[in-house]
Amino acid sequence: SVFQSLLPQLGDGALAPRENHQIMGTVDEVKLLRPSQTWFKETAVEFSRSQISVDMYLFPRSYIDVATLGDLPKLTAGTLRTYPGFNYDTDGPKFESELVRSLTQHTAFESVMRIRCTRGMKITNFYGNFFIRGSDLLALPNCNSDSVFAFDFAHDEHNLNSSFMTIQSALLYTSSEGERRIRVITQAIPVTSLASEVINTVDAEAMSALLAKQALDVAVKTNLDNARGKLQQACIDLIRASKEGDKPRRVSGYAAPPPMGGHQQQQGGEAEGEKAIPENLKLLPLYTLATMKNVAFRGGTDVHPDERVHAMHRLNNMDVIASKHFVYPRMFSLHNMSSNAGLPSANDADDEKVAGKNDIELPSVLDLTIDRLASNGIFLLDNGLDMFLWVGRSSDPAILNSLFGTNSLEGVDMSRVTLQTSGNDFASRVNAIVCALREDDSPETLVAKVTVVREGDQGLESRFFWYLVEDRASFNGGTYSYEDFMNFVNSGGSQQGMPPGAGRAPGRAPGPPGQQMPPQMQNQMRGPAPPQMPNQPPGPPMQSRGGPPPPQMPPSMGHQQPPQMQNQPPGPPMQQQRPGPPMQNRGPPPMPMGVPSPSRPGPPQMNSNPPPPNRGPPPPMQGPPSGNMPPPRQMSGPPSGGMPPPRQMSGPPSGGMPPPRQMSGPPSGGMPPPPMPGQVRQPGPPPPMNRGQQMPPPPPGQYGQYRR
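For clarity, every value in this text was computed on a predicted model and none was experimentally measured.

1. Let's talk about the sheet that holds strand 3 (residues 80–82)
- In space, the three strands of this open sheet follow the order 1-2-3, with parallel pairing throughout. At either end of the open sheet lies a strand with only one pairing partner, and these are strand 1 (2–4) and strand 3. Put simply, the sheet's adjacent strands are angled 15 degrees from each other on average, direction ignored.
- Bridging between strand 2 (residues 56–58) and strand 3 involves three bridges; their strand directions are parallel. Bridge pairing in strand 3 links Tyr57 to Arg81.

2. Digging into the packing of helix 7 (residues 224–244) against helix 15 (residues 482–490)
- Where helix 7 meets helix 15, the axes come as close as 9 Å, and the angle between the chain directions of the two elements is 55 degrees. Comparing their axes, helix 15 and helix 7 come out oblique. In this structure, helix 7 uses Gln232, Cys235, Ile236, Ile239 and Lys243 to contact helix 15, whose residues at the interface are Phe485, Phe488, Val489 and Asn490.
- When the residues that make up the contact of helix 7 with helix 15 are grouped by side-chain class, the tally is six nonpolar, two polar and one charged.

3. Side note on the confidence of the model for the protein chain
- Per-chain confidence: the protein chain averages 75 in pLDDT, with 65% of residues scoring 70 or above.
- With pLDDT under 50 throughout, residues 259–273 is counted as low confidence; its partners more than four residues away or in other chains account for eleven contacts.
- Segment residues 497–702 is flagged for pLDDT under 50; beyond a separation of four residues in sequence, or across chains, it makes 355 contacts in the model.

4. Structural notes on the nonpolar core
- Counting 75 residues, the largest nonpolar core has Leu315, Met331, Leu373 and Phe464 as the members making the most contacts within it.
- Here this core takes seven residues from helix 7, the largest share from any one element.
- Once residues within four sequence positions are removed from consideration, Phe464 is found in contact with Met331, Leu373, Leu381, Phe388, Trp390 and Val453.
- Listed in part, the 27 residues of the second largest apolar core include Met387, Val391, Val430 and Ala432.

5. Side note on the environment of Ile370
- With respect to the helices, strands and loops of the structure, Ile370 is situated in the loop between strand 16 (365–366) and strand 17 (378–382).
- A relative accessible area of 4% places Ile370 in the buried class.
- Sequence separation between Ile370 and Phe465 is 95 residues, and the spatial gap between their C-alpha atoms is 8.0 Å.

6. Quick word on the pattern of salt bridges
- In this structure the tally under the stated criterion is 24 salt bridges.
- As a salt-bridge pair, Asp91 and Lys449 come within 2.9 Å of each other at their nearest N and O atoms. Highlighted residues: Asp91 in helix 4 (residues 88–104) and Lys449 in the loop between helix 13 (425–436) and strand 19 (450–454), separated in sequence by 358 residues.
- Asp91 gets classed as buried once you look at its relative accessible area, which sits at 2%.
- A single network of salt bridges, built from pairs that share partners, joins Glu205, Lys324 and Glu352.

7. Considerations on a negative patch on the surface
- Together, Asp348, Asp350, Asp351 and Asp359 line one region of the surface with negative charge.
- In this structure Asp359 comes out as partly exposed when scored by relative accessible area, which is 38%.

8. Let's talk about the pairing of strand 9 (residues 164–174)
- As judged from the seven bridges shared by strand 4 (residues 107–117) and strand 9, these two strands associate in the antiparallel manner. Bridge assignment links Phe109 to a residue of strand 9, and that residue is Thr174.
- Bridge count for strand 9 against strand 10 (residues 180–190) is eleven bridges, and the pairing is antiparallel. Paired with Ala170 across the bridge in strand 10 is Val184.
- Between strand 9 and strand 10, which pair antiparallel in sequence order, lie five residues; one of them, Gly178, sits at a positive phi of approximately 90 degrees.

9. Some remarks on the pairing of strand 18 (residues 387–391)
- With five of its five residues buried, strand 18 lies for the most part within the structure.
- Here strand 18 shows no split at all, with Met387, Leu389 and Val391 on one side and Phe388 and Trp390 on the other all buried.
- Sheet topology places strand 17 next to strand 18; five bridges connect them, and they run antiparallel. Following the sheet pairing, Asp382 is matched in strand 18 by Met387.
- For strand 18 and strand 19, the ladder comprises five bridges, and the chain directions are parallel. Looking at the pairing, Met387 lines up with Val450 of strand 19.

10. Quick notes on the packing of helix 6 (residues 204–221) against helix 7
- The N-to-C vectors of helix 6 and helix 7 enclose an angle of 150 degrees; their axes lie 8 Å apart at closest approach. The orientation of helix 6 relative to helix 7 falls into the category roughly antiparallel. Regarding helix 6 and helix 7, the two cross each other, and that crossing is right-handed. Residues Met207, Leu211, Ala212, Gln214, Ala215, Val218 and Ala219 of helix 6 touch helix 7, and the partners they reach there are Leu224, Asn226, Ala227, Lys230, Leu231, Ala234 and Leu238.
- Residue composition of the contact of helix 6 with helix 7, grouped by class: eleven nonpolar, two polar and one charged.

11. Considering helix 1 (residues 39–49)
- Of all the positions in helix 1, only Phe40, Thr43, Ala44, Val45 and Ser48 are classed as buried.
- Along its buried surface, helix 1 packs onto helix 2 (66–69), helix 3 (71–75), strand 6 (131–133) and strand 7 (137–144).
- Phi for Gln51, located one or two positions after helix 1, is positive at around 60 degrees.

12. Examining helix 10 (residues 305–316)
- If you check helix 10, its first and last C-alpha atoms are 16 Å apart, about what twelve residues at 1.5 Å a residue would give, namely 16 Å.
- Burial within helix 10 is extensive, with twelve of its twelve residues counted as buried.
- The set of residues buried in helix 10 consists of Pro305, Asp306, Glu307, Arg308, Val309, His310, Ala311, Met312, His313, Arg314, Leu315 and Asn316.

13. Notes on the sheet that holds strand 13 (residues 330–333)
- The mixed open sheet is built from five strands, whose spatial order is 16-13-17-18-19. Strands with a single pairing partner mark the edges of an open sheet, and in this sheet they are strand 16 and strand 19.
- Against the sheet, helix 14 (residues 458–465) contacts strand 13, strand 17, strand 18 and strand 19, and its axis sits at roughly 110 degrees relative to strand 19.

What counts and what doesn't
Residues numbered from 1 in each chain as written. Predicted model: local features only at pLDDT ≥ 70, side-chain atom pairs only at ≥ 80, totals over all residues. Heavy atoms only, no water. Pairing = 2+ DSSP bridges. Helix = DSSP H or I, 4+ residues; strand = E, 2+ residues; numbered from the N terminus. Axes fitted to C-alpha atoms, helices over the stretch in contact; angles between N-to-C directions. Parallel < 35°, antiparallel > 145°, perpendicular 65-115°, else oblique. Contact = heavy atoms within 4.5 Å. Nonpolar A, V, L, I, M, F, W, Y, C, P; charged D, E, K, R; others polar. pLDDT = per-residue confidence, 0-100. Core = buried A, V, L, I, M, F, W, Y, C linked by side-chain atoms within 4.5 Å. Buried < 20%, exposed > 50% of the residue type's maximum accessible area, 1.4 Å probe, protein only. Salt bridge = Lys/Arg side-chain N within 4 Å of Asp/Glu carboxyl O. Patch = residues over 30% accessible without salt bridge, like charges linked within 9 Å, V, L, I, M, F, W, Y side chains within 5 Å. Areas by Shrake-Rupley, 256 points an atom, 1.4 Å probe, with all protein chains shown as cover. Lys, Arg positive; Asp, Glu negative; His and termini not counted. Charge placed at Lys NZ, Arg CZ, Asp CG, Glu CD. Left-handed = near helix turned anticlockwise from the far one by under 90°. Expected span 1.5 Å × (residues − 1).

Right under this line is the structure:
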């Protein structure tokens, strides 16, 4: 085990600080997610050959370059855990339990594993912590019950000759008693030529866990935008295939999906829309959206590189259930839980309704949306790694006294607030729920760290809102709410899908019974709030709140325009909207439901309104028109004397495109700039955000302070 709290700066493997807030939130951020040197990788390979596994525990208070240090546990089949801003009173019990578990759990030593499959199929990729010897032998100095490995397999030949394909894994290891053993697992899977039979057997939770591991690989090799695009496209393709059924189509002798031409979509769009998503895939869009908004993939400038890399390492080594809870946490309502919650269940309840070795009954699970929060409530959110206890301003003083020993948290130093575990019935039941959520089949039970979040606390509450994944977020690619994303997926990823805020499908999109959007936009885009939960008295309003509080803006960022936008000629008339973070303290004016807002984030929409009046001559063309070209056809909107100002599009505008919509910033006087290097164009993503609208970077040296 390695324990480190500072950036190594002496001897072999010395690292230089490379934290750069200027590239956070851009395509160059991936440079901070890759190792800065090869010494740790080369050392890890030597350790693996010597059967040495490294478990790394980091306690940073500033940048420590987890991306480079992480090669040691990754290539030696170890684990990586970080405790930013370590405080013994709050982090000590969790760290101690994780260290004891690592040292005392059953472990297979000097292990190697090989996975093989039936002829005609091949293994293409492996995911997890290991070092590959040759092409398919995984070297594992240590292997235990927490080790997780995933793999992809694909067709090596066009057809399979048998009715079953077989996958077999063999683990050769040395037990703690010194015995050399082998464990073999064989799985036979039936083969079919019907796509519908394959679709009907897909496990949405396992699929989302595997897609997350694949996207992690894409994120490090390319960038985070491509990783989110892969998740989105994989979900769209799978949902589209489930609706198409067994439609045969061949191109050059090979099976291919039906074409997605606009004419065919318009003819078959109505029939396709009527076909529902299969029952086993109904939650796949929800898990995909939650993964795109997870700390490992979310955009913006408010995620520290070390924190993102740690989340990537943990997600890469999670099993299916842990991965599901990490990307889509469980949120419980504690203030109105039933009298049986927190006590052992007398009946054989569903696994989702009980937890722990004693089958402790859990409170009802809420949707991860801010609509479920109320100022008179107390809510517990658990993502498998961290727990947050959100306390409303108007919470019952009796409950506050039971949990914290005080009747109010106003004016209280939250770093000194601790959760009582006994002394009264309510505190004992809440403690039983917290402990049960960390219990599993292992004899070494982990201890949870519970962070108390007071309503209105800007630092902690903004982090709590990260996990409300059913609401809109402020980064490019995260502006979908759950309803918007369902409509986008159901439309096949086309631009003709319903843009955010342009109306709602009847009823709520399917989701588990059970999360961020600014207050000005929340009530306008989400429609009326859902009804109160059963047995819950109506609480007071959340004091003009509906989303994350605005961050403290540096004085230098006042009300200036971005440097590149200054000294620009005036553009077309725009709505009164100044540049700034798209999520905090701003939003479009109230619009009636069903009417799209021109500045609302979301997938590109086809605007049928006339463009703004022409402000001047059209931008010069790149060259003289050819004499053989036909005259341009008349477009509806601006007069023939000038061209409308361009909008940002995923491809060059065609002559038949509808007139452009108003842009959210002043035009530069010419065509939109091309995409940055490494950026791929994705089908129908939300429009890119201006650089001037990005969240301000966190102040240097503050990483880890949020946990204190």
